[in-house]
Amino acid sequence: MPKLSYLKALNRALGDELAADESVFVLGEDVRVAASNLTAGLFDRFGPERVLDTPLSEQAFTNFATGAALAGLRPVIEFQIPSLLFLVFEQIANQAHKFSLMTGGQCQVPVTYVVPGSGSRTGWAGQHSDHPYTLFAHVGVKTVVPSSPADAYGLLLSAIRDNDPVVLFAPAGALAIRDDVDYSTLQPVPLGVGRIVREGADVTVVALGHLVQDAVAAADELAGQGIAVEVFDPRTVYPLDVAGLAASVARTRRLVVIDDSNRTSGFGAEVLAVAAERFDLDAPPRRVTRPDGAVLPFAPALDRAVQPGRDQLLTAIHGVLEGER
């Protein structure tokens, strides 16, 4: 089977939806020249009415997309920097997200926001390295973080077809992932449905995006020590697949979360809160996150030291298995 990269999977999904649905169009900064390769080849295929370059004003083109969606189109916005979402949080959380609710379902706002996540570990520095998926989940915006090429393809299809705003984070650390893929099997992945990446009986590790690779690497290492780690990828931050998580934790009765967001009020905190409320565990759960108040340094070595990864995860797993707090 041919190999498909994560970034190419996003590009393929976007091209497939542009071809299948004339109401879909893509907009953003430098999308015609495909500065990030997400839109590579799409301007030549679909022309200037379907692939729109915008001014350098995130607030302007985000509100433009909301208006286009209210008029019956399905815009897909490409953001170049994750931290720029802070500039448009009001437009997404307080405008696009609430139109349907405030009109009793008479208005729909099917906008997809494709955002490069963090996780590159190569020194993006403070104002380029935020990973604010937790903020959107907190206010009820559908939020997804694919971890594989097949999921990147399938979740983007589902996001574009959904009648609500959806934010899709594509972590920089995942863009180069390549998997063997049978193209005939590529299909939409439902929002809110997680997957078991690796089965195990001793401890459940919950991981998103590029951190799924770190979780699998840790599981491979621990398998040599006779420890069976189950890796659960929620795929969707909101709505969270609580049933899938519960089924995994019921088997292992131990839980560790690795989460590329700050510790306080992060996604890891939410998963542990769900576990405390609903699950019967044999040991206190643990989380591996960025430090509180983390601003990622420019120096790559310091960047790698601050971001969560395999070594911190291994320490947390051993702690849970030993019943430590």
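Bear in mind the structure is a predicted one, so any value in this text is a computation, not a measurement. Per chain, the residues get numbers from 1 upward, laid out in the order the sequence is written. The model is predicted, so local features are restricted to residues of pLDDT at least 70 and side-chain atom pairs to those at 80 or more, both for listing and for counting; the totals for chains, interfaces and linings are taken over all residues. Side-chain metrics in this entry use all non-hydrogen atoms of the structure; hydrogen atoms and water are not considered.

Chemist: Would you explain the side chain of Arg74 in this entry?
Modeler: In this structure, Arg74 sits in strand E4 (residues 74-78). Residue exposure (1.4 Å probe, protein chains only): buried if accessible area is under 20% of the type maximum, exposed if over 50%, otherwise partly exposed. His is not counted, nor are the chain ends, whereas Lys and Arg count as positive and Asp and Glu as negative. Any Lys or Arg side-chain nitrogen found within 4 Å of a carboxyl oxygen on Asp or Glu counts as a salt bridge. In this structure, Arg74 is buried with no salt-bridge partner, the nearest side chain bearing the opposite charge being Asp21 at 4.0 Å. Definition of a polar contact: a pair of N or O atoms within 3.5 Å, with one able to donate and the other able to accept a hydrogen when the atoms are protein atoms, and with sequence-neighbouring residues admitted only if both atoms are side-chain atoms. Within the structure, Arg74 has its side chain in polar contact with the backbone oxygen of Asp162 (distance 3.1 Å). In contact with Arg74, not counting residues within four places along its chain, are Asp21, Ser23, Val24, Phe25, Pro110, Ile160, Arg161, Asp162 and Asn163. A helix here means a DSSP run of H or I that spans at least four residues, while a strand means a run of E at least two residues long, and both kinds are numbered starting from the N terminus. Between two residues, a contact is recorded if the distance between any of their heavy atoms is within 4.5 Å.

Chemist: Where do I start with the layout of surface pockets in this structure?
Modeler: Gaps left between atoms show up when a probe the size of a water molecule is rolled over them. Definitions used for this entry: grid spacing 1 Å over protein atoms alone; cavity, a set of points where a 1.4 Å probe fits but cannot get out; pocket, an open set with protein on both sides within 12 Å along at least 5 of 7 lines; lining residue, one with an atom within 4 Å of a point. Grid points are joined across faces, edges and corners, and a volume is the space filled by probe spheres set on the points. In this model, the largest pocket occupies a volume close to 300 Å³. Lining the largest pocket are 14 residues, and of these Ala137, His138, Val237, Tyr238 and Glu270 lie nearest its centre. At the level of elements, helix H6 (133-138), strand E12 (236-238) and helix H10 (267-278) are the ones that each hand at least two residues to the lining of the largest pocket.

Chemist: In this structure, what is going on with the pairing of strand E10 (residues 203-207)? I would like to understand it.
Modeler: Strand residues, when the strand is regular, have side chains that alternate between the two faces of the sheet. Among the 5 residues that make up E10, 5 are buried, leaving the element largely enclosed by the rest of the structure. Covered by surrounding structure in E10 are Val203, Val205 and Ala207 together with Thr204 and Val206, the residues of both alternating faces. Pairing of E10 with strand E11 (residues 229-233), which is carried by 4 bridges, proceeds in the parallel orientation. In the sheet register, Thr204 faces E11, and the bridge partner there is Glu230. One crossover worth recording links E10 to the parallel E11 by way of helix H8 (residues 211-223), and it is right-handed. When DSSP finds two or more bridges between two strands, those strands count as paired. A crossover gets the label right-handed when its path from the first strand over the helix to the second runs clockwise, viewed with the strands pointing away from the viewer.

Chemist: Teacher, can you tell me more about unusual backbone geometry here?
Modeler: Most peptide bonds are trans, and most residues other than glycine sit at a negative phi. Following Tyr238, the chain continues into Pro239 via a peptide bond in cis, with omega recorded as 0°. Turning to its location among the elements, Pro239 is positioned in the loop between E12 and helix H9 (242-252). With a phi angle near 65°, Arg235 is a residue other than glycine that sits in the positive phi range. When you line up the elements, Arg235 lands in the loop between E11 and E12. For Arg253, which is not a glycine, the phi torsion comes out positive at approximately 60°. With respect to the helices and strands, the residue Arg253 is situated in the loop between H9 and strand E13 (255-262). Given the relative accessible area of 29%, Arg253 is considered partly exposed.

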